[in-house]
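# Summary of the model geometry
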Amino acid sequence: MAISSPESTDLANTVSTPAGSVELQRLPHLTDYLSNIETRPNPLQSNPYYHPSHGFYISDSDVVFRRITFDLAQTPNSGSKQPAYHRAGPRKEVVFDPTGVRAAIVTCGGLCPGMNTVIRELVIGLWELYGVRRIFGVGAGYRGFYSRDPVELNPKLVHNLHKKGGTILETSRGGFDLGKIVDAIERHGFNQLYIIGGDGTMRGAVKIFDEIRRRKLNIGVAGIPKTVDNDIGIIDRSFGFQTAVEMAQQAIAAGHVEAESGVNGIGLVKLMGRSTGHIALHATLSSRDVDCCLIPETPFFLEGKGGLLEFLENRIKENGHAVVVVAEGAGQELIPRTEAQKEERDESGNPVFLDVGSWLKSEFRSWWSRSHPNELFTVKYIDPTYMIRAVPANAVDNMYCTLVAHSAIHGVMAGYTGFVSGPVNGIYAYIPLVEVAETKNEVNVKDHKWAWVRSVTNQPDFIRV
Ligand SMILES: Nc1ncnc2c1ncn2[C@@H]1O[C@H](COP(=O)(O)OP(=O)(O)O)[C@@H](O)[C@H]1O
Ligand SMILES: O=P(O)(O)OC[C@H]1O[C@](O)(COP(=O)(O)O)[C@@H](O)[C@@H]1O
Ligand SMILES: [Mg+2]
């Protein structure tokens, strides 16, 4: 659907749908605060591998709707507003002369499968698509801007990165000092920033973008969302999430074998998920061996009618074993902790959790020895934590990494800034950074997917009666 150019007005453009109006989310552009920006034809025009023909370039009126399902029987609600985003892709005109580009790439926060692939694809994309030759890696996360010398990257150096887990640039938490970071960016002469990181990183990127804009610097800022927990909103999912789910499934399979092979066995698997249970949910749905999936979005309790122990008692009676999957952030409020533990934070300010798996294991054991003192029992606790994220991305995630990296490059070259590239309903789009930083993706325990989990596991609602 065509929407007139957003640059022509400060107001978002609107289109009517059965569910109300759809508003185009305006993207920041370098011309918003710099008057001397000149445009030039996209260098892809003369790239030997591309033959731009009709439809190759994406125009500013190409949009992606955030919501794509509508009920045609619904009375149109003119008061309701749905967002639309600019579609990602090469623009006919760019604002950077490739020979003057000094691009910086940084990775922040925890690992996620595919981070190295994104680095690779940014370097190769900038080099091959646009002819950029000065590309730098900033080491050790945000603190690296002011505490390390940047490392120059080229296609040869990054060639094999898609086969490696982790990030060659190294990553860290904390160390966010806005003044020092932007001073260092100026000092190094960077004019394109590619910031790969999670929700915390995106909140930091908003501040960097705001400060760059305040200083009126000719620097494009793109965020590339990475989150193994899948806790970033608006985008369909993060790269690496699918790979992590596959690894999680292997841990569940092992837990199942251990549980089945013991007498009255419980296989207990703890999976990553600081405040969202997406990995646990998806691994549960795909493995189908799980009897109970515990996630941070919905509380549970142990003792009494309708509790976890009663459920496990029945399950072990029926099947001889049970498999419990728990996301690391689930049940934190149930675990006894000292005042100091309540306050504990990591360098980025994220709460530090107690090990819900170890706590559950010990609770299960004491419950069984109390209630069945003369019967054998075993709990096998599997904690694969870092194994699910410290691996190379699978094929699908690697493809995603290429598309998200190239999308970011096209956007920055065209002068867009303060944006995130990512898939929305399967189409790569540019989303304002600030919107991404403010939106969290939690498991909706009221929708059909959670009902599906419960129908697969038959677990209770954990409502006290
Ligand atoms: N609100 C914030 N403002 C500025 N920087 C932040 C903010 N939250 C986190 N950061 C910084 O972002 C980086 C990564 O954050 P963290 O929460 O550890 O990981 P992730 O980005 O993966 O969620 C850290 O350097 C941290 O200091
Ligand atoms: O790497 P650390 O500091 O041990 O932190 C582990 C945390 O990192 C994660 O893997 C990812 O979190 P972020 O994406 O927010 O960095 C969480 O699932 C987990 O709680
Ligand atoms: Mg985070």
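Please read these numbers as outputs of a predicted model, since none were measured by experiment.

Another aspect to go through is the pattern of salt bridges. For the coordinates displayed, the defined rule picks out 23 salt bridges. The salt bridge involving E186 is made with R215; its shortest N-O contact spans 2.8 Å. Taken together, the residues E186 in helix α4 (residues 178-188) and R215 in the loop between α5 (199-214) and β11 (220-225) connect sequence positions 29 residues apart. With relative accessibility at 41%, the residue E186 sits in the partly exposed group. Notably, a salt bridge pairs K270 with D383, separated by 3.6 Å at the nearest N-O pair. Within this pair, whereas K270 is found in strand β12 (residues 265-271), its partner D383 is found in the loop between β15 (378-382) and α11 (395-413), the two being separated by 113 residues in sequence. What makes K270 buried here is its relative accessible area of 9%. According to the relative accessible area criterion, D383 is partly exposed, its value standing at 34%. Three or more residues joined by partner-sharing salt bridges are found here, namely D183, E186, E211, R214 and R215.

Next up on the list: the pairing of strand β16 (residues 419-424). In terms of burial, β16 is a largely internal element, 6 of the 6 residues being buried. Neither face of β16 is left uncovered, since the one carrying F419, S421 and P423 and the one carrying V420, G422 and V424 both have all their residues buried. Sheet analysis places β16 next to strand β17 (residues 427-432), joined by 6 bridges and oriented antiparallel. Residue pairing for β17: G422 is matched across the bridge by A429.

The next point concerns the site of ligand 2. Inspection of the region around ligand 2 gives 13 residues, with G110, D229, E328, Y386 and R389 positioned closest. One of the side-chain N or O atoms of K226 is found 3.0 Å from an oxygen atom in ligand 2. Separating an oxygen atom of ligand 2 from a side-chain N or O atom of Y386 is a distance of 2.5 Å. In isolation ligand 2 exposes 480 Å². Once the protein is present, 84% of that is buried. When the residues that make up the shell around ligand 2 are grouped by side-chain class, the tally is 3 nonpolar, 3 polar and 7 charged.

Further remarks concern the UniProt feature "binding site: substrate" (unreviewed entry) in the protein chain. Cross-referencing UniProt, the feature "binding site: substrate" (unreviewed entry) maps to T227, V228, D229, M272, G273, R274, E328, Y386, M387, I388 and R389 in the present numbering. Setting aside chain neighbours within four positions, we find V228 in contact with L111, C112, P113, F241, A244, M272, I279 and R389. With respect to the helices, strands and loops of the structure, I388 is situated in the loop between β15 and α11. Those residues in contact with I388 that lie beyond four places of it in its chain are P113, A244, M247, A248, M272 and I279.

This part covers the site of ligand 1. The local shell around ligand 1 holds 16 residues, among which G174, D199, T201, K226 and S348 are the closest. In this structure, K226 approaches ligand 1 through a side-chain N or O atom, which is 2.7 Å from an oxygen atom. One of the side-chain nitrogen or oxygen atoms of N350 is found 3.0 Å away from an oxygen atom of ligand 1. Protein chains shield 87% of the accessible area of ligand 1, which is 550 Å² for the free molecule.

This part takes up the UniProt feature "domain: Phosphofructokinase" (unreviewed entry) in the protein chain. In the numbering adopted here, UniProt assigns the feature "domain: Phosphofructokinase" (unreviewed entry) to residues 102-410. Its end C-alpha atoms 15 Å apart, residues 102-410 is made of 42% helix and 16% strand.

This next bit is on the packing of aromatic side chains. The full count for this structure, using the stated rule, is 13 aromatic pairs. With centroids separated by 6.4 Å and ring planes inclined at 75°, the aromatic side chains of F301 and F462 adopt a geometry described as edge-to-face. Placement of the pair is F301 in the loop between β13 (292-294) and α8 (308-319) and F462 in the segment after α13 (448-457), with a sequence separation of 161 residues. Considered together, F301 and F462 belong to a single accessibility category, that of buried residues. Plain terms: the ring middles of W367 and F377 are 6.2 Å apart, the flat faces sit at 90° to each other, and that makes the pair edge-to-face. Of this pair, W367 sits in helix α10 (residues 356-371) while F377 sits in the loop between α10 and β15, placing them 10 residues apart in sequence. Residue W367 shares its accessibility class with F377, and that shared class is buried. Linked through ring pairs, Y50, F56 and Y57 together constitute an aromatic cluster. A cation over a ring is seen here: R464 above F301, with NZ or CZ 3.9 Å from the ring centre.

A separate point is unusual backbone geometry. Negative phi is the rule for most residues except glycine; trans is the rule for most peptide bonds. Residues other than glycine seldom take positive phi values, yet E170 does so here, at roughly 70°. For E170, a relative accessible area of 41% translates into the label partly exposed.

Let's shift gears to the sheet that holds strand β14 (residues 321-327). The 4 strands are arranged β13-β14-β12-β15 in an open sheet whose pairing can be described as parallel. For this open sheet the edge positions go to β13 and β15, each flanked by a neighbour on one side alone. Put simply, the sheet's adjacent strands are angled 15° from each other on average, direction ignored. Note: β12 against β15, 5 bridges, orientation parallel. Directly across from G265, in β15, lies its bridge partner T378.

Rules of the game
Residues numbered from 1 in each chain as written. Chains lettered and ligands numbered in written order. Predicted model: local features only at pLDDT ≥ 70, side-chain atom pairs only at ≥ 80, totals over all residues. Heavy atoms only, no water. Salt bridge = Lys/Arg side-chain N within 4 Å of Asp/Glu carboxyl O. Helix = DSSP H or I, 4+ residues; strand = E, 2+ residues; numbered from the N terminus. Buried < 20%, exposed > 50% of the residue type's maximum accessible area, 1.4 Å probe, protein only. Pairing = 2+ DSSP bridges. Near = heavy atom within 4 Å. Polar contact = N/O pair within 3.5 Å; in protein donor to acceptor, adjacent residues only side chain to side chain. Areas by Shrake-Rupley, 256 points an atom, 1.4 Å probe, with all protein chains shown as cover. Nonpolar A, V, L, I, M, F, W, Y, C, P; charged D, E, K, R; others polar. UniProt positions renumbered as here; feature names shortened; annotations may be inferred. Contact = heavy atoms within 4.5 Å. Phe/Tyr/Trp six-rings, centres within 6.5 Å; stacked < 30°, edge-to-face > 60°. Lys NZ or Arg CZ within 6 Å of the ring centre and 35° of its normal. Axes fitted to C-alpha atoms, helices over the stretch in contact; angles between N-to-C directions.

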